[in-house]
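Here is what each chain is made of, one letter per residue.
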Amino acid sequence: MRLSRYFLPVLKETPAEAQIASHRLMLRAGMIRQQAAGIYSWLPLGYKVLSKLEQIVHEEQQRAGHIPVLMPTLQPADLWRESGRYDDYGQEMLRIRDRHDRDMLYGPTNEEMITDIFRSAIGSYKQLPLTLYHIQWKFRDEVRPRFGVMRGREFLMKDGYNFDLTKEDALHAYNRHLVTYLRTYERMGLQAIPMRADSGPIGGDDTHEFLVLAETGESEVFYDSAITDLTFGDRAIDYDDKAQCQAILEEFTSRYARTDETHDEAVFNQIPEERRRKARGIEVGQIFYFGTKYSEPMGATVTNEKGEKVPVHMGSHGIGVSRLVGAIIEASHDEKGIVWPDPVAPFGVGVVNLRQGDAATDAACEDAYAKLAAAGLDPLYDDRDERAGAKFATMELIGLPWRLAIGPRGLANGTVELTRRRTGETMELSLESALAKLAP
RNA sequence: CGGAGCGUAGCGCAGCCUGGUAGCGCAUCUGCUUUGGGAGCAGAGGGCCGGAGGUUCGAAUCCUCUCGCUCCGACCA
């Protein structure tokens, strides 16, 4: 992409309303524009990152055999009357009436609707297990939206739902989701720690929240520092292997890690003092097992081997995709701007023309741009008629992992400058060597 | 939902107390000079002063109502 033809409305000054780093940087980098309290348009740069996160989520869900669907944002109130949540949910649910005076709502979550879909088509235990998920916009009419996309009213969430014959199978689905989430967050360059949490209005017995440690997090968390040494890595996983998934759950949840809702000071104090950590975290996902809470009242049953109709065991599992954009920035930025982890960066490399209009420099930049694009590196070429300083500042603000600076000074020696955003480390080398380094 | 603020040019702000030509910086446009860390000079464009009522000869400014947004707290998949 040529910056001169792109839409990247960066701001030199910080809008007054933005309090935390991710919100400030998203506005300054031209990623989002606020349309109302807690409601944002996603501009090209932000949308690109959001799409990359979605893609990673899709890949990891489907790797585990979970099946994508897409449910609507608007739902009929009657479904929610069946589960009893139409009255329970409170004012966070945006209620709408259509032209025929039918009660509708903008979905804050989809347990009822997915249960309805399930019951309309599935009747036998032989069709289980089944896990369906979608990535769709949700609306929760928060009393006080804040922190940009971190606590918006409208937000993009992946929500998945498992249907199983027995509690044991459903708990395997729970474990399987935990495993997929560990890999998902790690692929995004994040450390998200599963912590025992409170189930809240979804209800249920078992639940873990995934938290990214960050000073601006809304949750207070307590953990054993040994847990931050764990990495998922590139493990080969058989998602149908119950023992393997169970072992991973135990590996990642055996150390103390809890939010303030479930914190137990006495247990916490048994950890050696030097490993006790109290910090703040951003909740980026949650998994639940809730059994027959919805299947029973809504009649989602299957016939088992003995010919009996039994309600299915369910769980739901969410990842806050739009919130993750903010969470990644909170976890990865410096005083100059965003520092994207490579896998989620909106562009792979930024090409900076240090002397726009100089024939030799322009030609060298065009050449580099074409080669980077051909190598699949998705370059962003800053070909604006700006001075070098302004281009550097923009590149640092939007946080691309690599910057390739080309100017007459280097060209005289046959070199370009390759700079790593995260470290600031700069190498002067030939274009060919730079290409080899970027696309080995 | 309690408390506190703020709405003036695309962004950041001043002006309001004490009523009388709507301003500053950045950004934008034009020209010239510049050109390796957010350039300089000269010129130009851009405003329903959130909205509606009211007071007044006259309202960005005073009064009333209203809408929107933000912050602190409570709440929060």
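Keep in mind that what you see is a predicted model, and the values were worked out from it rather than measured.

Counting 68 residues, the largest nonpolar core has Met31, Tyr185, Phe210, Val284, Val325 and Trp340 as its most contacted members. The element contributing the most residues to this core is helix H6 (residues 167–187), with seven residues. Beyond its immediate sequence surroundings of up to four residues, methionine 31 is in contact with Met26, Ser41, Trp42, Leu43, Leu45, Gly46, Val49, Val325, Ile329, Ile338 and Trp340. In terms of nonpolar packing, the next biggest core, distinct from the first, is built from 27 residues, Met71, Tyr86, Leu105 and Tyr294 among them.

For H6, which comprises 21 residues, the first-to-last C-alpha distance of 30 Å matches the rise-based estimate of 30 Å (1.5 Å per residue) to within 8%. With 15 of 21 residues buried, H6 is to be regarded as a mostly interior element. Following H6 by one or two positions, glycine 189 has its phi on the positive side, about 80°.

What follows deals with the sheet that holds strand S21 (residues 402–406). Spatial ordering of the open sheet is given by S20-S19-S21-S22-S23, a layout of five strands whose pairing is mixed. In the strand order of this sheet, the two ends are held by strand S20 (379–382) and strand S23 (426–429), each with one partner. When the angles between neighbouring strand axes are averaged without regard to direction, this sheet yields 20°. Of the strands in this sheet, strand S19 (349–353), S20 and S21 are in contact with helix H11 (residues 359–374), which crosses S20 at around 165°. Of the strands in this sheet, S19, S21, strand S22 (416–420) and S23 touch helix H14 (residues 431–438), which is tilted by about 25° from S22.

With that out of the way, let us pick up the protein's contact with RNA strand B. By nearness alone, 40 residues border RNA strand B, and Arg140, Arg144, Arg151, Glu396 and Glu417 come closest of all. Those atoms of RNA strand B that come within 4 Å of the protein belong to sugar or phosphate at a rate of 46%. Interatomic distance of 2.9 Å between a side-chain N/O atom of lysine 12 and a sugar or linking oxygen of RNA strand B. In the model, a phosphate oxygen of RNA strand B is placed 2.8 Å from a nitrogen or oxygen of the alanine 37 main chain.

Another aspect to go through is the sheet that holds strand S6 (residues 103–106). What the three strands build is an open sheet, ordered S4-S6-S5; its pairing is antiparallel. Two strands close off the open sheet at either side, each with one partner strand: strand S4 (74–76) and strand S5 (94–97). Direction aside, the axes of adjacent strands within the sheet are offset by 35° on average. With three bridges connecting them, S4 and S6 associate as antiparallel partners. Within S6, the position partnered with proline 76 by the bridge is methionine 104.

Further remarks concern the packing of H6 against helix H7 (residues 242–253). It is at 9 Å that the axes of H6 and H7 come closest, and there the two elements cross at 60°. The angle between H6 and H7 places the two elements in the oblique class. Of the two possible hands of crossing, H6 and H7 adopt the one that is left-handed. Across the interface between the two elements, Glu168, Asp169, His172, Tyr174, Asn175, Arg176, Leu178, Val179 and Leu182 of H6 pack against Lys242, Cys245, Gln246, Ile248, Leu249, Phe252 and Thr253 of H7. Considering only residue class, the contact of H6 with H7 consists of eight nonpolar, four polar and four charged.

Here the distance between the centres and the angle between the planes together describe a pair of aromatic rings. According to the stated counting rule, one finds twelve aromatic pairs in the structure shown. Centroid distance tyrosine 181 to tyrosine 185: 6.1 Å. Interplanar angle 80°. Geometry classified as edge-to-face. With a gap of four residues between them, tyrosine 181 and tyrosine 185 both fall in helix H6, about one helical turn apart. When sorted by exposure, tyrosine 181 lands in the same class as tyrosine 185, which is buried. Measuring from ring centre to ring centre gives 5.5 Å for tyrosine 369 and tyrosine 381, while their planes differ by 40°; the resulting arrangement is tilted. With a gap of twelve residues between them, tyrosine 369 in helix H11 and tyrosine 381 in strand S20 connect regions that are remote in the sequence. Taking the relative accessible area as the measure of exposure, tyrosine 369 reaches 13% and is therefore buried. Residue classification places tyrosine 381 among the buried residues on the basis of a relative accessible area of 1%. Of the aromatic side chains, those joined through ring pairs into one cluster are Tyr181, Tyr185 and Phe210. Between the NZ or CZ atom of lysine 48 and the centre of the ring of phenylalanine 347, over which it lies, the distance is 3.7 Å. Above the face of the tyrosine 86 ring, arginine 95 is positioned so that its terminal group lies 4.7 Å from the ring centre.

Rules used throughout
- Sequence order as written defines residue numbering, which begins from 1 separately in each chain.
- A letter from A marks each chain and a number from 1 marks each ligand, given out in the order of writing.
- Given that this is a predicted model, residues contribute local features only at a pLDDT of at least 70 and side-chain atom pairs are listed and counted only at 80 or more, while totals for whole chains, interfaces and linings are drawn from all residues.
- Values reported for side chains reflect all heavy atoms of the structure, with hydrogen atoms and water molecules removed beforehand.
- In plain words, nonpolar cores are sets of buried Ala, Val, Leu, Ile, Met, Phe, Trp, Tyr and Cys residues tied together by side-chain atoms within 4.5 Å.
- Between buried and exposed lies partly exposed: a residue is buried under 20% and exposed over 50% of the maximum accessible area for its type, with that area taken using a 1.4 Å probe on protein chains only.
- Only DSSP runs of H or I with at least four residues qualify as helices, and only runs of E with at least two residues qualify as strands; both kinds are numbered from the N terminus onward.
- The criterion used for residue contact is that any of the two residues' heavy atoms lie within 4.5 Å.
- Here, expected helix span is obtained from the residue count minus one, scaled by 1.5 Å.
- Only strands that DSSP links by at least two bridges are regarded as paired with each other.
- To get an axis, a line is fitted to the C-alpha atoms, and for a helix only the part in contact is used. The angle between two axes follows their N-to-C directions and goes from 0 to 180 degrees.
- Here a residue counts as near a molecule or strand whenever at least one of its heavy atoms sits within 4 Å of it.
- Under the rule applied, a polar contact is a pair of N or O atoms within 3.5 Å (in protein, one hydrogen donor and one hydrogen acceptor; residues adjacent in sequence only if both atoms are side-chain atoms).
- Between 65 and 115 degrees an angle is taken as roughly perpendicular, under 35 as roughly parallel, over 145 as roughly antiparallel, and anywhere else as oblique.
- If you view the pair so one helix is near and one far, a crossing is left-handed when the near helix is turned anticlockwise from the far one by less than a right angle, and right-handed when it is turned clockwise.
- Polar here means any residue outside two lists: the nonpolar Ala, Val, Leu, Ile, Met, Phe, Trp, Tyr, Cys and Pro, and the charged Asp, Glu, Lys and Arg; Gly therefore counts as polar.
- Two rings from Phe, Tyr or Trp (for Trp, the six-membered ring) form a pair when their centres sit within 6.5 Å of each other. Planes less than 30 degrees apart are called stacked, planes more than 60 degrees apart edge-to-face, and all others tilted.
- Only when the NZ of Lys or the CZ of Arg is both within 6 Å of the ring centre and within 35 degrees of the ring normal is a charge said to sit over the ring.

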